[in-house]
Amino acid sequence: MTLEIMVITGMSGSGKSVALHALEDAGYYCVDNLPPELLSAFAALEHAHHGRRLAVAMDVRSATGLPLVPGQLAQLRRDGVRVRALFLDASTDTLVRRFSETRRRHPLSHEELREGQRALVQTIELERELLAELREQSHVIDTSNLRSAQLLGYVKSLLPTPPGQLTLVFQSFAFKRGIPLDADYVFDVRMLPNPHYEPELRPLTGRDVPVAEYLALQPEAGAMLADICGFLEHWLDAMVRNHRSYVTTAIGCTGGQHRSVYLVEQLARHFAGQWNTLLRHRELDGL
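Reading guide: rules and limits
- Residues numbered from 1 in each chain as written.
- Predicted model: local features only at pLDDT ≥ 70, side-chain atom pairs only at ≥ 80, totals over all residues.
- Heavy atoms only, no water.
- Helix = DSSP H or I, 4+ residues; strand = E, 2+ residues; numbered from the N terminus.
- Rg over C-alpha atoms; globule rule 2.2 N^0.38 Å.
- Buried < 20%, exposed > 50% of the residue type's maximum accessible area, 1.4 Å probe, protein only.
- Contact = heavy atoms within 4.5 Å.
- Areas by Shrake-Rupley, 256 points an atom, 1.4 Å probe, with all protein chains shown as cover.
- Lys, Arg positive; Asp, Glu negative; His and termini not counted.
- Charge placed at Lys NZ, Arg CZ, Asp CG, Glu CD.
- Axes fitted to C-alpha atoms, helices over the stretch in contact; angles between N-to-C directions.
- Parallel < 35°, antiparallel > 145°, perpendicular 65-115°, else oblique.
- Left-handed = near helix turned anticlockwise from the far one by under 90°.
- Nonpolar A, V, L, I, M, F, W, Y, C, P; charged D, E, K, R; others polar.
- Polar contact = N/O pair within 3.5 Å; in protein donor to acceptor, adjacent residues only side chain to side chain.
- Salt bridge = Lys/Arg side-chain N within 4 Å of Asp/Glu carboxyl O.
- Phe/Tyr/Trp six-rings, centres within 6.5 Å; stacked < 30°, edge-to-face > 60°.
- Core = buried A, V, L, I, M, F, W, Y, C linked by side-chain atoms within 4.5 Å.

### Notes on the overall build of the chain
- Along its length, the chain carries 9 helices and 9 strands.
- The C-alpha atoms of the chain give a radius of gyration of 20 Å, which matches the 19 Å a tight globule of 287 residues would have.
- The dimensions of the chain, computed from C-alpha atoms along their principal axes, are 60 × 50 × 30 Å.
- Within the chain, the proportion of its 287 residues that are buried is 50%.
- Expressed as a percentage of contacts within the chain between residues at least 6 apart in sequence, the contacts between residues at least 24 apart total 78%.
- Of the roughly 13800 Å² of accessible surface on the chain, a fraction of 51% belongs to carbon and sulfur atoms.
- When the 30 basic and 34 acidic side-chain charges of the chain are each reduced to a single mean position, those positions are 3 Å apart.

### As for the packing of helix 8 (residues 219-241) against helix 9 (residues 259-271)
- Helix 9 packs onto helix 8 with a crossing angle of 45° between their chain directions and a minimal axis gap of 11 Å. As summarised for this structure, helix 8 and helix 9 are arranged oblique, according to the angle between their axes. Relative to helix 9, the crossing made by helix 8 is right-handed. Residue-level contacts link Ala-221, Met-224, Leu-225, Ile-228, Cys-229, Leu-232, Glu-233 and Leu-236 of helix 8 to Leu-263, Gln-266, Leu-267, His-270 and Phe-271 of helix 9.
- Its residues assigned to classes, the contact of helix 8 with helix 9 shows 10 nonpolar, 2 polar and 1 charged.

### Remarks on the side chain of Ser-14
- Turning to its location among the elements, Ser-14 is positioned in the loop between strand 1 (4-10) and helix 1 (16-25).
- Relative accessible area serves as the criterion here: at 1%, Ser-14 is assigned to the buried category.
- Among the polar contacts listed, one links the side chain of Ser-14 to the backbone oxygen of Met-11, at a separation of 2.5 Å.
- Looking at Ser-14, its side chain comes within polar contact range of the main-chain oxygen of Leu-88, at 3.2 Å.
- Setting aside residues no more than four positions away along its own chain, Ser-14 makes contact with Leu-88, Asp-89, Leu-95, Arg-98, Thr-143 and Leu-151.

### Some points on the pattern of salt bridges
- Counting across every chain of the model gives 13 salt bridges.
- Here Arg-207 makes a salt bridge to Glu-265, at a shortest N to O gap of 3.8 Å. One end of the pair, Arg-207, is in the loop between strand 7 (185-188) and helix 7 (209-216); the other, Glu-265, is in helix 9, and 58 residues separate them in sequence.
- Each of Asp-89, Glu-125, Arg-128 and Arg-135 takes part in one network of salt bridges that share partners.

### Notes on the environment of Lys-176
- Locating Lys-176 in the fold gives a position in the loop between strand 6 (167-174) and strand 7.
- Note on Lys-176: relative accessible area 67%, which makes it exposed.
- Lys-176 sits 51 residues away from Glu-125 along the chain, and the two C-alpha atoms are 24 Å apart.
- Dropping the residues within four chain positions of it, Lys-176 is found in contact with Thr-254 and Gly-255.

### Remarks on helix 1
- Within helix 1, the full set of buried residues consists of Lys-16, Val-18, Ala-19, Leu-20, Ala-22 and Leu-23.
- Those residues of helix 1 hidden inside the fold are in contact with strand 1, strand 2 (29-32), strand 3 (53-57), strand 4 (82-89) and helix 6 (148-157).
- Two residues or fewer after helix 1 comes Gly-27, characterised by a positive phi angle close to 100°.

### Remarks on the packing of aromatic side chains
- The tally for this structure, following the rule as stated, stands at 5 aromatic pairs.
- Aromatic pair Tyr-185 and Phe-231: ring centres 5.2 Å apart, planes at 75°, arrangement edge-to-face. Of the two residues, Tyr-185 sits in strand 7 while Phe-231 sits in helix 8, which places them 46 residues apart along the sequence.
- Note on Phe-231: relative accessible area 29%, which makes it partly exposed.
- Measuring from centroid to centroid gives 6.1 Å for Phe-187 and Phe-231, while their planes differ by 70°, and the two rings are edge-to-face. With Phe-187 in strand 7 and Phe-231 in helix 8, the pair connects residues that are 44 residues apart, well separated along the chain.

### Some words on the nonpolar core
- Counting 28 residues, the largest nonpolar core has Ile-5, Leu-34, Leu-39, Leu-73 and Leu-76 as its most contacted members.
- Elements that contribute at least two residues to this core include exactly strand 1, helix 2 (39-48), strand 3, helix 3 (69-78), strand 4, helix 4 (92-102) and helix 5 (117-136).
- Broken down by element, the residue count for this core peaks at 4 residues, all from helix 5.
- Ignoring any residue separated from it by four or fewer positions in sequence, one finds Ile-5 in contact with Ala-43, Leu-54, Leu-76, Val-81, Arg-82, Val-83 and Arg-84.
- Formed by 27 residues, the second largest nonpolar core is a distinct cluster that contains Met-224, Leu-225, Val-247 and Ala-268.

Set out below in C-alpha cells:
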C-alpha cells in the first residue's frame, strides 16, 4: 500500500488546527506539532504498521528543525511516499487582529501582547522569514477572508485527487479587495470590456448566460483566455515533474463579479478533461 502524508505548516493564527481537523474527519491519522527531526522515522513506523494516510502539522515552535523538512520531503518522495504539503497563510493585518481578539501570545514573542502591536508585527515578519522555504514548496491557502467552516470545506475539497495528479485551482477576485496570497499566477483582466456598464448585465455575474454570451463576443476576452490557456498548457507538465500537487491561478477584475468569474469558469471547463480542477469565486462565495 502506498503511504500518503499531508504536511501542514503555516503562519501562527492562520488556521492550521482547523485544517488538521478537516483531515482527521477525512480519515487521516493526525499528529500536531511533530518535531521535524522525527518526520522520517514517524513515516517509516506508520508504514511498517500498515498506515496509509497521515497528516502532520508543524509550526515555528520547531524552528530549529524546520530547515530539515524540505530535504526530508524530497527523500520520502524518492522512497515512493505520496507527499503533499499545505501552507496556511494570512495577511499581517489579519494575524494581528486574530491575536488581539484571542489575547494569545505569538509562539515567537517574548513580550506581552499589551506591550504593543509593533512588536507583534515584527514577530510575524520574522516568522515569515523562517517559514519562507517551506512556503515555496507547498500549496498555499490564504485564510485572510475565510471563516473556519469555509477553510474546513476547502481543505476537504483538495483531498480526493488521484495519486500523482496535479490539481488546478482557478480563483476569481476583485483587485479592490487585494490580490490573494495563495495565488501562484495572477492575471489582470481589467482591460477587457466590462459588463458592469451594460444596465441589463450589471446585476448578473460571470456565471450567468447573458454575461457569458456578451464576453464570448468580445475579441479581447477570447484572446486573453487563449493566452492564459497557452501559458498553462506550456508549463503544466514541467510542474508535474517538479512534484507540484496544486497550482492556483487567480484572475482579477475590478469587482470580481463579471470578467474574472467568466474567465475562471471557462478555464476550469477547458482544463477539466485532463486535470483535476477546482473553482473559487472569492467575492461571490463570500470567502
